[in-house]
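Reading the structure
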Amino acid sequence: MRVDGYTKTIGLIGNPVEHTLSPIIHNGISERMDFSETIPNRKGNGSRSVYLPFQVQAEELQDAVKGAYALGVQGLNVTVPYKQLVMEYIEETDEAAAGIGAVNTLVRIQNGHGFRGYNTDWEGLRCQLQDDGISLKGKTVVILGAGGAARAVLYLCLTEAAEKVYILNRTLERAKELALEFGQMGRILPMKLQDAGRIEDTDLVVFQATSIGLYPNVKDVVLEEEAFYSRIAVGIDLIYNPAETRFMQLVEAGGGKAFNALKMLLYQGIRAYELWFDLKVPEAVASEILQELKARLYAGYRENLILIGFMGSGKTTVGRLLADRMDMEFLDTDALLEEKTGKTISEIFAAQGEEEFRRLETELLRELQGHLRNTVLSTGGGMPLREENAGLLKQLGKVVYMSASPEEIYSRLKDQDDRPLLQVEDPLGRIRSLMEERKSRYEAACDFALDTGGEAPGMLVERITKDMRQ
Ligand code: NDP
């Protein structure tokens, strides 16, 4: 980053600010976008802006805002605990921020004095919902929590024409106050958290907007009730660290789709930058910054991950989910071989035999060396049987052995007729003997083993990513 006389200062005020990810977003935009034409007669090629976190004490908040203006600061983000308090020290407030009752972005007023306050949290969430194909129109929404973030979520729900919004909070009074403040009693229904079981609506969209489940307390969840989770169609956790919270796992276990809100963080930042500099941040820049946020947050996730294990151990299902969650590519060696040979696996087995199939697998692994980046690779069940393959797999990435009992494998595969090795009279017996033969090979070939023991794919993804961090 080059700072010259034209470089504008932007930043964050809050307390604490040490763990903020916002510099990645804002300095990332500045580094990636060419602003040379936006300032006529500019000499040199300094950065458009530099973003700095400022830790501010509550009693100095007013001075900090005044001082920032006096210093020519172009704009500020505001974080906990000042999103409401700061409204006392600014000249104007945008309509949405006034409706939400909180400001997270201050923009220098052009040809005037002081700052105008905006709330880009709700817009960030709106962009995320668009990205993830989630509509709130006509839906029954549940917001867990009634704090600052819940306000932005509630505003979005009303703007996007949700039919009914339950606010479930530990402190009922706070939920009631929020409902009253938004003035739509009847449409907004405050409830105590533990009354979640009384909600009878189905196809719910649920926002988890409490601070429960945040890293490092990743096992915590604000509600456990299975009946509640079975009514959820989509669950969005505003927490993005860990990548998959316990809330998200429970949503998935109940049959719903689950998302974290890292994109909300990204888009609220992008929207703030657009307001500060009156420009549009290109999608390609947004997507690069999202990658960078993930790399920073979910350290250790970026290398290739190789899943091995017996057929039916969940390599494909878990692998796809993992790739999706971590924004990695998903590849499957069987699918790659079918593509390469133009034949199905069964056809290769029938026409050329198992030995030739294993040779083709080895050939494929050699071809993949040096070409896999940020990929989850699911492998055929017999892949590590050749000693040579075991070595090649380790060179490709971290190898995870997914194990399951013969009975579980059998129950998953018994209705499939495309498994050449199981076309026998006693498939369970065959699974048992093959697994016995292969177990030591799998164990020798892996970096770590994962007993899938009847767990939901979402839980397994969380366990794999946790193991990778160690
Ligand atoms: P607040 O402190 O304003 O609110 C916290 C909420 O959590 C309240 O509803 C509180 O309930 C509830 N809560 C706290 N402890 C418990 C508990 N032990 N049991 C039940 N409920 C509890 O926080 P914010 O609203 O600012 O933030 C909430 C979460 O959203 C945070 O984790 C934050 O990181 C995340 N967030 C994410 C954003 C993103 O961009 N993705 C943006 C903003 C926030 P009560 O009223 O009873 O105290």
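Structure first, text after, so check above.
Described below are features of the structure shown in this document. Note that the structure is a prediction, hence the values are computed from the model and not measured.

Two descriptors summarise a pair of aromatic rings, namely the distance from one centre to the other and the angle between the planes of the rings. Summed over all chains, the structure comprises nine aromatic pairs. Ring centres of Tyr-273 and Phe-277 lie 4.9 Å apart, and the angle between their planes is 45°; on these two criteria the pair is classed as tilted. Taken together, the residues Tyr-273 and Phe-277, both in helix α9 (residues 262-277) and four residues apart, mark about one turn of the helix. Through a chain of ring-to-ring contacts, the aromatic side chains of Tyr-51, Tyr-273, Trp-276 and Phe-277 assemble into a single cluster. Above the face of the Tyr-69 ring, Arg-108 is positioned so that its terminal group lies 4.0 Å from the ring centre.

With that out of the way, let us pick up the environment of Glu-387. Counting through the fold element by element, Glu-387 comes out in helix α14 (residues 387-396). Accessibility expressed as a relative area gives 67% for Glu-387, which makes it exposed. Residues Glu-387 and Ala-444 lie 57 residues apart in sequence; the distance between their C-alpha atoms is 9.6 Å.

Following the criterion strictly, the structure yields one cavity of 30 Å³ or more and no others. In this structure, the largest cavity occupies an estimated 30 Å³ of space. Forming the walls of the largest cavity are Phe-310, Ser-313, Tyr-401, Met-402, Ser-403, Ala-404, Met-435, Lys-439 and Tyr-442. Every element with two or more residues in the lining of the largest cavity is listed here: β16 (398-403) and α16 (427-445). When its residues are assigned to classes, the lining of the largest cavity shows six nonpolar, two polar and one charged.

This part is about the sheet that holds strand β14 (residues 329-332). If you trace the five strands from one edge of the open sheet to the other, you get β14-β15-β13-β16-β17, paired in parallel fashion. Looking along the sheet, the strands with just one partner apiece sit at the ends: β14 and β17 (448-451). The mean inter-strand angle of the sheet, taken between neighbouring strand axes irrespective of direction, is 25°. Relative to strand β15 (residues 375-378), strand β13 (residues 305-308) runs parallel, the two being bridged by three bridges. Within β15, the position partnered with Ile-306 by the bridge is Leu-377. Sitting on the sheet, helix α11 (residues 315-326) touches β13, β14, β15 and β16, and the angle it makes with β14 is about 160°. Packing of α14 onto the sheet brings it into contact with β13, β15 and β16, and relative to β13 it is tilted by some 145°.

What follows deals with the packing of helix α1 (residues 22-32) against helix α10 (residues 283-297). One way to put it is that α1 packs onto α10 with a least axis distance of 10 Å and a crossing angle of 135°. Looking at the two axes, α1 sits oblique to α10. Relative to α10, the crossing made by α1 is right-handed. Between α1, through Ile-24, Ile-25, Gly-28, Ile-29 and Arg-32, and α10, the contact on the second element is made entirely by Val-285, Glu-288, Ile-289, Glu-292, Leu-293 and Arg-296. Tallied by class, the residues present in the contact of α1 with α10 amount to six nonpolar, one polar and four charged.

Turning next to the site of the ligand. The immediate surroundings of the ligand are formed by 21 residues, with Ala-149, Asn-169, Arg-170, Thr-171 and Arg-174 found nearest. Here Gly-148 contributes a backbone N or O atom positioned 2.9 Å from an oxygen atom of the ligand. In this structure, Leu-265 approaches the ligand through a main-chain N or O atom, which is 3.4 Å from an oxygen atom. Burial of the ligand by the protein chains amounts to 76% of its free accessible area of 930 Å². Of the pockets mapped on this structure, the ligand occupies the largest pocket. Within the residue set of the shell around the ligand, elements represented by two or more residues are α5 (148-159) and α9.

Strand order in the open sheet made by the six strands is β9-β8-β7-β10-β11-β12, with parallel pairing throughout. At either margin of the open sheet sits one strand with a lone partner, and together these are β9 (188-192) and β12 (257-260). Direction aside, the axes of adjacent strands within the sheet are offset by 20° on average. Sheet topology note: the strand β7 (residues 140-144)/strand β10 (residues 204-208) ladder contains four bridges and is parallel. Bridging across to β10, Leu-144 finds its partner in Gln-208. Helix-sheet contacts for α5 involve β7, β8 (164-169), β9 and β10, and the interaxial angle to β7 is about 170°.

Our focus in this paragraph is a negative patch on the surface. Judged by side-chain charge, Glu-338, Glu-347, Asp-417 and Asp-418 come together as a negatively charged surface patch. On the secondary structure map, Glu-338 appears in helix α12 (residues 333-341). Classification of Glu-338 as partly exposed rests on a relative accessible area of 31%.

Let us look at the layout of surface pockets. In this structure, the largest pocket encloses a volume near 1600 Å³. Counting residues per element, the ones that place at least two in the lining of the largest pocket are β3 (75-78), α5 and α9. If you tally residues by element for the lining of the largest pocket, the top one is α5, at four residues. In terms of residue class, the lining of the largest pocket is made up of 25 nonpolar, 18 polar and six charged. In this structure, the second largest pocket encloses a volume near 690 Å³. Around the second largest pocket, the lining is made up of 35 residues, and of these Met-311, Gly-312, Lys-315, Asp-334 and Arg-419 lie nearest the centre. Breaking the lining of the second largest pocket down by element, the ones donating at least two residues are α11, α12, α13 (345-368), α15 (406-413) and α17 (457-469). A per-element tally of the lining of the second largest pocket places α13 first, with six residues. Looking at the lining of the second largest pocket residue by residue, the class counts come to 10 nonpolar, 14 polar and 11 charged.

What counts as what
Residues numbered from 1 in each chain as written. Predicted model: local features only at pLDDT ≥ 70, side-chain atom pairs only at ≥ 80, totals over all residues. Heavy atoms only, no water. Phe/Tyr/Trp six-rings, centres within 6.5 Å; stacked < 30°, edge-to-face > 60°. Helix = DSSP H or I, 4+ residues; strand = E, 2+ residues; numbered from the N terminus. Lys NZ or Arg CZ within 6 Å of the ring centre and 35° of its normal. Buried < 20%, exposed > 50% of the residue type's maximum accessible area, 1.4 Å probe, protein only. 1 Å grid on protein atoms, 1.4 Å probe; cavity = no way out; pocket = protein on both sides within 12 Å on 5 of 7 lines; lining within 4 Å. Points joined across faces, edges and corners; volume = space filled by probe spheres on them. Nonpolar A, V, L, I, M, F, W, Y, C, P; charged D, E, K, R; others polar. Pairing = 2+ DSSP bridges. Axes fitted to C-alpha atoms, helices over the stretch in contact; angles between N-to-C directions. Contact = heavy atoms within 4.5 Å. Parallel < 35°, antiparallel > 145°, perpendicular 65-115°, else oblique. Left-handed = near helix turned anticlockwise from the far one by under 90°. Near = heavy atom within 4 Å. Polar contact = N/O pair within 3.5 Å; in protein donor to acceptor, adjacent residues only side chain to side chain. Areas by Shrake-Rupley, 256 points an atom, 1.4 Å probe, with all protein chains shown as cover. Sits in = over half its atoms within 2 Å of the grid points. Patch = residues over 30% accessible without salt bridge, like charges linked within 9 Å, V, L, I, M, F, W, Y side chains within 5 Å. Salt bridge = Lys/Arg side-chain N within 4 Å of Asp/Glu carboxyl O. Lys, Arg positive; Asp, Glu negative; His and termini not counted. Charge placed at Lys NZ, Arg CZ, Asp CG, Glu CD.

No statement about biological role is implied by the geometric values presented.
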